[in-house]
Amino acid sequence: MKKPILTISMLVSGREKTTEKSLISLQPLREVLGAELILTDTGCTSEYLEKIQGYADKVLRFTWCNDFAKARNVGLEAAKGEWFMFIDDDEWFEDVTAIIEFFQSGEYQEYHQAVYIVRNYSNFQGTAYSDDWVSRLIHIEEDTHFEGSVHECLMPTSGKCKRLDAYVHHYGYVFATEEERQVHLQRNVSILEDLLEKEPMNLKWPLQLLKEYHGVSDYPRVKKISLDALELLESVDDFFMNMCRGSFYLGILMSEVDCLLQESSIEEERLEAKERLWKCYDAFAGNEKNPWNVRCAIAAFMLLHAPEEEDRLKYCAQEYLAACLSHEQELYTEQEELIADNIVLSNNIKLKNNIVKNYTLNSTLYKFYANDNISLASSLMSNCNKTLVKRSNY
């Protein structure tokens, strides 16, 4: 029997609202490419498993043990394809044409991995979302495996990476009740805290904890995680670690803004909180290790969220513009290739596009500068468009 070009693996847990939608969206890959589809059961009822097993080539059983990597590795070890792709049972493709063309054309032979977009919705109406590039396709090697009990990833991910014009819908971060949200949070946090205790120097875990606590607006914990991580990074000067440092800067700035809002009714405390916020920004902005996009992100954050003090905000805008202008296209291309080779790490770093939306930043800059400096306002908005939004996922 001819070896399939692609194996698709999915963990199924009994999500009746989305699983069949996901399986149906994968059928063109099976029909056109002859892709193999493996389902790993982590908690379906017998009746539901019988209902969906006709969509797949194999159905494997896994006893759930709070370890997503172990569950994923079951499907990977059974895969017969040259390439491997994984997807969750609450995700479904809008269109898989780009994936089909990638393999049909033979272009896949030039690459080791490929990424596509997960569109994460923040409401049930589907009107608010953010897009994240995710590493979900890889050429299978002897050492290919999953790592991470939660927020697991394929390893190793070195080699040329292809960006595919495809995306999946994902409503997994939208909850009907606060109780559901807290259950989801505690499941992930408990696993991540265990991982952080075992691997204190692995920055993936504090980055993921930062994301979890930010999602439920627990800013005291966001601040603590960020401060602890920055202490670890104090003596480090490396491109990817410097990118990580920017995420923790933003965590502290978000915490200080939240503190300012909480204390806004008491003038003395409000002034203290405001000064603390600006002191943090000045310290972060002054770090010479910051890549241009970290400088952009923290300046943009202050423009959007800091109290309206014209002189200080004008300084932020000038810093933002200087960071944009210091960036050369050749340098960005070089860094983009590095990021593509390390997509697992870079996906944890939401600096360029997921901190600010273009139209919001543009309107803010225009408000501060249109009346007294049209030229500067125009330059700022133009550079925002060229430098950030051109590669935006919104």
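Since the model is a prediction, treat every value here as computed from it, not as a measurement. (Residues numbered from 1 in each chain as written. Predicted model: local features only at pLDDT ≥ 70, side-chain atom pairs only at ≥ 80, totals over all residues. Heavy atoms only, no water.)

A. The arrangement of the packing of helix 1 (residues 19-33) against helix 4 (residues 97-104) in detail. Where helix 1 contacts helix 4, the two axes come as close as 10 Å, and the packing angle between them is 25°. Regarding the angle of helix 1 to helix 4, the classification is roughly parallel. Regarding helix 1 and helix 4, the two cross each other, and that crossing is right-handed. In this structure, helix 1 uses P28, L29, V32 and L33 to contact helix 4, whose residues at the interface are I99, I100, F103 and Q104. Residues of the contact of helix 1 with helix 4, tallied by class, amount to 7 nonpolar, 1 polar and no charged. (Axes fitted to C-alpha atoms, helices over the stretch in contact; angles between N-to-C directions. Helix = DSSP H or I, 4+ residues; strand = E, 2+ residues; numbered from the N terminus. Parallel < 35°, antiparallel > 145°, perpendicular 65-115°, else oblique. Left-handed = near helix turned anticlockwise from the far one by under 90°. Contact = heavy atoms within 4.5 Å. Nonpolar A, V, L, I, M, F, W, Y, C, P; charged D, E, K, R; others polar.)

B. Looking closely at the packing of helix 5 (residues 178-198) against helix 6 (residues 204-215). Packing of helix 5 against helix 6 leaves a shortest axis separation of 10 Å and a crossing angle of 160°. Between helix 5 and helix 6, the angle is such that the two are roughly antiparallel. As for the relative orientation of helix 5 and helix 6, their crossing is left-handed in sense. Taken together, the residues of helix 6 that come into contact with helix 5 (itself represented by R181, H184, L185, N188, V189, L192, E193, L195 and L196) are W205, P206, Q208, L209, E212, Y213 and G215. Looking at the contact of helix 5 with helix 6 residue by residue, the classes come out as 9 nonpolar, 4 polar and 3 charged.

C. View of the environment of Q53. Among the structural elements, Q53 can be located in the loop between helix 2 (46-52) and strand 3 (58-61). Under the relative-accessibility criterion, Q53 is labelled partly exposed at 39%. (Buried < 20%, exposed > 50% of the residue type's maximum accessible area, 1.4 Å probe, protein only.)

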